[in-house]
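# Notes for the structure review
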Amino acid sequence: MKYFADLHIHSCLSPCGGEDMTPNNIVNMALLKGLDIIAVTDHNTARNLPAVDALAREAGLCLVPGLEVTTAEDVHMLTYFPDVERALAFSDEIYGLLPDIPLNARFFGEQTIMNEEDEPVGSIDRLLISALSESIEQLTARARRHGGVCVPAHIDKESHGIIALLGFINPHLGFRTVEVSPRGVAAGFSQYDPRLKVLSNSDAHDLGLILERVQPLELAEKSAACFLKYLDS
Ligand SMILES: [Zn+2]
Ligand SMILES: [Zn+2]
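One structure accompanies this document, and this report is about it. No experiment lies behind these values; they were computed from the predicted model shown.

Moving on: the overall build of the chain. A count of helices and strands for the chain gives 8 helices and 10 strands. Taking 2.2 N^0.38 as the reference for a compact globule, 233 residues should give roughly 17 Å; the C-alpha atoms of the chain span a radius of gyration of 16 Å, in line with that estimate. Expressed along its principal axes, the backbone C-alpha trace of the chain runs to roughly 45 × 40 × 30 Å. Residues counted as buried form 45% of the 233 residues belonging to the chain. Here the contacts in the chain between residues at least 6 apart in sequence split such that 71% fall between residues at least 24 apart.

Shown next, in the form of structure tokens:
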């Protein structure tokens, strides 16, 4: 079956995410846009996924639990999991790999954890957009131990893209899928390595930027497990 997806969306828990990127607003906007599958991928944390997952389930929308991790090389890596529990276990582990830099909310914005009613129920003290103290290889292996799959994010971008930082994508790392920004797709970047599958997502930090029905994925069923299999095949 063909399903329409946006697999890189930030909530208000990302310091750079808009304040209106609440669990209810994200799910409702995804429904308005006619999407079947979304992933919320906050920087280095999964703590807003329980609320989004509960709301998505109620609405018949599939949430792929995810994070956008920053490796020690300063590369952004989308990391997807089969369920919220495993995403949270990974998230708790990597919190200890973040440098102990307190959030300056006036400069970076708030890092707000919300419940299903869009009520703030907590916040995260450490600045979430810092780089973790583990390499791409180590983080990929750590995600795998939790049943997750890593996808290099926006590989065409100068900022935090794997090619700009490392020069190329080493086949030894074993990636089968990469993400190219919509602008990169327009510039022909999807052909970087024809053996790699390509996702192209919004990387939305504001509600209006969530994708419309422009990215069809051919999956056997609408589930996170099925999407992970697709990434890895
Ligand atoms: Zn990024
Ligand atoms: Zn992002």
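Now that the structure is up, let's keep going.
Before going further, it helps to examine the environment of Pro 152. Note that Pro 152 resides in strand β7 (residues 149–152). As for Pro 152 and Leu 132, which are separated by 20 residues in sequence, their C-alpha atoms are 15 Å apart. Setting aside residues up to four positions removed in sequence, Pro 152 forms contacts with Val 75, Met 77, Ile 162, Ile 169, Phe 175, Val 178 and Glu 179.

On to the sheet that holds strand β3 (residues 62–70). To summarise the sheet geometry, strands pair through backbone hydrogen bonds and adopt either a parallel or an antiparallel arrangement. Within the open sheet, the 6 strands sit side by side as β7-β4-β3-β2-β1-β10. Their pairing is mixed. Unpaired on one side and paired on the other, β7 and β10 (216–218) mark the two borders of the sheet. Each strand axis lies, on average, 35° off the axis of its neighbour in the sheet, ignoring direction. Where β3 and strand β4 (residues 76–80) come together, 5 bridges link them in antiparallel fashion. Following the sheet pairing, Val 69 is matched in β4 by Met 77. Packed onto the sheet, helix α2 (residues 49–59) meets β2 (37–43) and β3 and runs at close to 160° relative to β3. Lying over the sheet, helix α5 (residues 136–145) contacts β3, β4 and β7, oriented at roughly 145° with respect to β7.

All right, on to the environment of Val 185 then. Here Val 185 lies in helix α7 (residues 182–186). We classify Val 185 as partly exposed; it has 14 C-beta atoms within 10 Å.

About the thresholds
Sequence order as written defines residue numbering, which begins from 1 separately in each chain. Think of it this way: whatever chain is written first is A, whatever ligand is written first is 1, and the rest follow in order. Where totals are concerned, whole chains, interfaces and linings use all residues; where local detail is concerned, this predicted model gives features only for residues with pLDDT of at least 70, and gives and counts side-chain atom pairs only at 80 or more. Secondary structure elements are taken from DSSP: a helix is a run of H or I of four residues or more, a strand is a run of E of two residues or more, and numbering for both begins at the N terminus. Atoms counted for the radius of gyration: C-alpha only. Globule rule: 2.2 Å times the number of residues to the power 0.38. For the exposure call, what matters is how many other C-beta atoms sit within 10 Å of a residue's own: 20 or more marks it buried, 12 or fewer exposed, and in between partly exposed, using C-beta atoms placed from the backbone. Residues are treated as contacting if the C-beta atoms built from their backbones sit within 7 Å of each other. Any two strands with at least two DSSP-identified bridges between them are counted as paired. Helix axes are fitted to C-alpha atoms over the stretch in contact, other axes to C-alpha atoms as well, and angles between N-to-C directions run from 0 to 180 degrees.

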